[in-house]
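Each chain is listed here by its residues.
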Amino acid sequence: FLVQSLTDNNGIPTLIDDTSLTKQKNLDAFLYQLTNGIERGRLTNEGNISTQRTWATSTFITSEKSVLFSGDIQLKGKVGRILEIHVSGDELFNNAEQAEEMQAMYRENYGLLETAYIRSLLTNAVSVNIHTLINEEIREIRAISQSDDELVNRLEEKIALVSLTSKLVNETFDFDFSCDNIRDYMIELCKENVKMYREICENVMDFPQAYSRILKSAVDKAVIKTDLFAVVKSDDFKTLFHEFSSSIGASTLKDFKALLKQNACLFVNSGDYGYRTADL
């Protein structure tokens, strides 16, 4: 549904409100699809290539839990694609009346600026030079950021889009956005997010490192064990998950099972769980 609603949207911002309500706990694939701007390729029933839906816009997602630091923590591409801002309720509005005034303002004026804004860009030939302008903005941001982290550098390109847009909107409508403050805040935000990601990754072990510990714990809990496998009760398997999930970066039981499967350590999907006792 969301892909269908995004189709051919080239510029109108989209809000996906509260992903906490979705039954899909791991949003990694969806986030990649959103940022790629094209749906997954498919075949028709006749075996022909289906036309892929495309879009090019900004998407805002609200959630009570982080989407950046959930799912597979090893996906660096996600960190380089998403700008995540942590906001508490008292940081948005001073009181309910202020929130209601803001809501009334955007309802009364929603969609009225875009036509005038695009007309201004075309009239002043900004669109012709847009690539030059965005490259200059990227260079300026990198000079201020002074970061050599590859993920921060990728995010700086997205910061440049926001920063340049704020400047162009100011020029078009004589607004008074604090462009420098917006830019500087986003630079520090990205650095902090990437720093947090790096710290989490440092605390996550590669599976081979954790293998012997997981194996010993599984064997200790086993109700049946041979030279080839150990049978563990479901409740004990969940105990294994709670014991090792954070250290190997598996945020859900499903992720934990998938990681065991990938490393040829899980025999079955339901009931009791068996583990290989041979070295990886």
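As a reminder, the structure under discussion sits directly above these lines.
Now for a look at the structure at hand. Just so it is clear, the structure is predicted and the values come from calculations on it, not from any experiment.

Rules behind the numbers
Residues numbered from 1 in each chain as written. Predicted model: local features only at pLDDT ≥ 70, side-chain atom pairs only at ≥ 80, totals over all residues. Heavy atoms only, no water. Phe/Tyr/Trp six-rings, centres within 6.5 Å; stacked < 30°, edge-to-face > 60°. Core = buried A, V, L, I, M, F, W, Y, C linked by side-chain atoms within 4.5 Å. Buried < 20%, exposed > 50% of the residue type's maximum accessible area, 1.4 Å probe, protein only. Helix = DSSP H or I, 4+ residues; strand = E, 2+ residues; numbered from the N terminus. Contact = heavy atoms within 4.5 Å. Expected span 1.5 Å × (residues − 1). Polar contact = N/O pair within 3.5 Å; in protein donor to acceptor, adjacent residues only side chain to side chain.

For the rest of this paragraph, the subject is the packing of aromatic side chains. All chains considered together, the criterion is met by 5 aromatic pairs. In textbook terms, an aromatic cluster arises when at least three aromatic residues are bridged by ring pairs, as seen for Y117, F173, F175 and F177.

One finds V79, I159, L168, V194 and Y197 to be the most contacted residues of the largest nonpolar core, which totals 28 residues. If you list the elements that add at least two residues to this core, you get helix 6 (113-123), helix 7 (130-145), helix 8 (150-173) and helix 9 (179-202). If one sorts the elements of this core by residue count, helix 8 sits on top with 8 residues. When neighbours within four sequence positions are excluded, V194 is seen to be in contact with V79, D149, L151, V152 and L155. Formed by 18 residues, the second largest nonpolar core is a distinct cluster that contains A210, L215, C265 and L266.

Attention now moves to helix 8. In a regular helix each residue adds 1.5 Å, so 24 residues correspond to 34 Å; helix 8 covers 36 Å between its end C-alpha atoms and thus fits that length. By the burial criterion, the buried members of helix 8 are L151, V152, L155, E156, I159, A160, S163, L164, S166, L168, V169 and N170. Of the surrounding secondary structure, the elements contacted by the buried residues of helix 8 are helix 3 (76-79), helix 6, helix 7 and helix 9. Two or three places before L151, at the start of helix 8, stands the capping residue D149, its side-chain oxygen 2.8 Å from that residue's backbone nitrogen. D174 sits one or two residues past helix 8 and shows a positive phi near 55°.

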